[in-house]
Structures are given as structure tokens and as C-alpha cells.
Amino acid sequence: MSKAHRGSIHLEEGRLLRTESFPGEQYILRIEAPKCAAMAAPGAFVHLTCDPDIPMRRPLSIMRTDPAAGWIDVLFKVVGGGLAALAARKAGDAISVLGPIGHGFAPHPARPLSLMIGGGVGIPPMVFLAERLAGRDDARWQPLVLMGSEIPFPFAMRPSTILVPGMPEGVIAAMPFLDGLGVPSRLASKSGFPGCHDGFVTDLADAWLAAQPPARRAEIEIFACGPTPLLAAPARVARKNALPCQVSLEEFMACAVGGCAGCAVQVETDAGPAMKRVCVDGPVFDAYAVFAG
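Being a predicted model, the structure only gives us computed values, none of them experimental.

Reading guide: rules and limits
Residues numbered from 1 in each chain as written. Predicted model: local features only at pLDDT ≥ 70, side-chain atom pairs only at ≥ 80, totals over all residues. Heavy atoms only, no water. Helix = DSSP H or I, 4+ residues; strand = E, 2+ residues; numbered from the N terminus. Contact = heavy atoms within 4.5 Å. Pairing = 2+ DSSP bridges. Axes fitted to C-alpha atoms, helices over the stretch in contact; angles between N-to-C directions. Core = buried A, V, L, I, M, F, W, Y, C linked by side-chain atoms within 4.5 Å. Buried < 20%, exposed > 50% of the residue type's maximum accessible area, 1.4 Å probe, protein only. Salt bridge = Lys/Arg side-chain N within 4 Å of Asp/Glu carboxyl O.

A. Geometry of the environment of E20. With respect to the element layout, E20 can be found in strand β1 (residues 10-22). Separated by 75 residues in sequence, E20 and I95 place their C-alpha atoms 16 Å apart. Leave out the neighbours within four places in its chain, and E20 touches Q26, Y27 and I28.

Right, dumping it as C-alpha cells:
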């Protein structure tokens, strides 16, 4: 399977269209990359050149695409010199784009209640998946996006206009973009942001799940993204509630196309434990395979 999608990975000279900055050294870059925009699916990522003088690329999850206009959006938090250099790029600058890379999420129409859990820089794939499901008509898709952050969110929070039955009282803060799509979202933080759940995003997910009647619970599938150690919590929530769960892993990468195997993680398979590369075998895996037991 890791080889099946390699024909869809393109190397193209992209162009930075705009940069939005947010507190906590968070940035959203819109990059003109028509080939990537045409092929990207939720869960895929790109490998970007941060600066002509920095040889190593950086892997970043895709948050949105517009295939017709030919652009992609990526969200990142500055960690290290490479991403600092990327944040300093100016509109019109060329940015080498390798992508889209990786196997994305595979929502099952039999479980159209898609519960998405994203923390920090794990938010982008959830936004991408929610937007894509909102435009599909092959099932009665009902995405719910839960996001957590201990620093200010990379958007202007506002009270949601969409009622979410089973949500704890007072948890009303939402992402305006998703509200505009008709997709409910709710936020969690231990930093005291107004309208947010006071706690971890996985605790909010657990509380909402506990309020769902059996008929609705049977239609739920969980999707989550974040650093591998932190994804153990969504996996526990899924296991506790006996729900299917797909996780998108984040790992350090060198080549991002399967050659160096530097991003390998242990995964349970039918043949026993095996090492899988997050870049081309993933980044999306079955949560039970990654977090066994």
C-alpha cells in the first residue's frame, strides 16, 4: 500500500500567496500549488522547503485546499529555525512543495457521526476532513470537531450558532469557519478561555460520548491527530466506548517518501508487530493497531 499512491506525489514550485499570524507564533500559509491541491485528501501532508539556505524540508499537515483555485493552506507553530524561516517568507516568494504525501482518513458511511479530535497543530487535518465531509452526499454525514489548545487558538473564537445535544453546559466557543459550513465545533483548554471546556479535549469528547443514546453511538467513528504519545488518550476514549478510531500520527521526518525509515513506529498487524513508516504507510492508522491494549 505504501507504493500505491506514490504516483500522486508531485514536486512543484509553489508560490506563497499570503500569511496569517496568530498569538503563540502560529501561522497559516496559503500556497499556490495546483498539483498538490488537485490531489490532496484529508490526512495528507506536504514536505516544504522553508528557505533556500535551509536544505532540510519540514512536513506540515494540509488544513484546506481549493482545487479550482490551486491553493493549499497549512497551519504550524514555530519550533526551531526552519519554521521560523518559513514564517518569515513574504507573499510572492517561491516555496518548493512536495506532496500530497500519505494515506489519509477513510470515513465509513455506515458511521456518519464523525467525531474529530485535534489538539494544537493536530487541528489542520480535522478542519480538512470536516470541510470535505460537509460537501459529500454519499451518506448522512454529521461531523463534530473538538479542538484543544493551551495557547490561543489560531482563529477568532466566537459562540457557536449550532446546538450540540449532549455538550456540557457553557461549552459554546467554536471555530467561525466551521460554523459557517454548518459543521459544529467546540473548544477545550485549561487556559481559561471563555466558552471553552475547562480540561483536555479528550475529556470533552468522553463527556459528549457519555450523553449519546445507543442508537447514535452505533453511528459514531472517531478521528484524531497529534503527536504519537498524546494520541494514546483518544485511543483510550475510543476503546472505552467500543468505537472505531483512526489516528493521524506526527513524527520527525527526513525524506518523507519512505526512503530513510526515520519516522517508523510499531504497529500491530495480522502477522504480529511490525515497523511502519508514518510518511508513506500512514500518517493515518487504525488506533487499535498503534495503541494495542
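B. Region of interest: the sheet that holds strand β13 (residues 220-227). With respect to topology, 7 strands assemble into an open sheet ordered β12-β11-β8-β7-β13-β14-β17, the strand pairing being mixed. The open sheet has two edge strands with one neighbour each: β12 (197-198) and β17 (284-286). Taken together, the 6 bridges between β13 and strand β14 (residues 245-250) define a ladder with parallel strand orientation. Across the sheet, residue P227 finds its bridge partner in β14, namely E250. On top of the sheet, helix α3 (residues 123-134) reaches β7 (113-119), β8 (144-148) and β13; it is set at about 155° to β7, its chief contact. Against the sheet, helix α7 (residues 232-240) contacts β7, β13 and β14, and its axis sits at roughly 165° relative to β13.

C. The arrangement of the pairing of strand β4 (residues 58-66) in detail. Sheet topology note: the strand β3 (residues 45-48)/β4 ladder contains 4 bridges and is antiparallel. Bridging from a neighbouring strand, V46 pairs with L60 of β4. As paired strands, β4 and strand β5 (residues 71-77) are joined by 4 bridges and run antiparallel to one another. By the bridge assignment for β5, T65 is matched with I72. Adjacent in sequence and paired antiparallel, β4 and β5 are bridged by 4 residues, among which G70 carries a positive phi angle near 80°.

D. Inspection of the nonpolar core at higher detail. Ranked by internal contacts, the top residues of the largest apolar core, which has 43 residues, are L115, I222 and V247. The element contributing the most residues to this core is helix α5 (residues 201-210), with 5 residues. In this structure, L115 is in contact with L144, L146, A205, W208, L209, I220, E221, I222 and F223, ignoring residues within four places of it in sequence. In terms of nonpolar packing, the next biggest core, distinct from the first, is built from 27 residues, W141, V145, M175 and C196 among them.

E. Geometry of the pattern of salt bridges. Tallied over the full model, the rule gives 9 salt bridges. Between R15 and E32 there is a salt bridge; the shortest N-O distance is 3.1 Å. Of the two residues, R15 sits in strand β1 while E32 sits in strand β2 (residues 26-32), which places them 17 residues apart along the sequence. Take R15: its relative accessible area is 36%, and that puts it in the partly exposed class. With a closest N to O distance of 2.9 Å, D73 and R30 form a salt bridge. Here R30 lies in strand β2 and D73 lies in strand β5, a separation of 43 residues in the sequence. The two residues D73 and R30 agree in class, both being buried.

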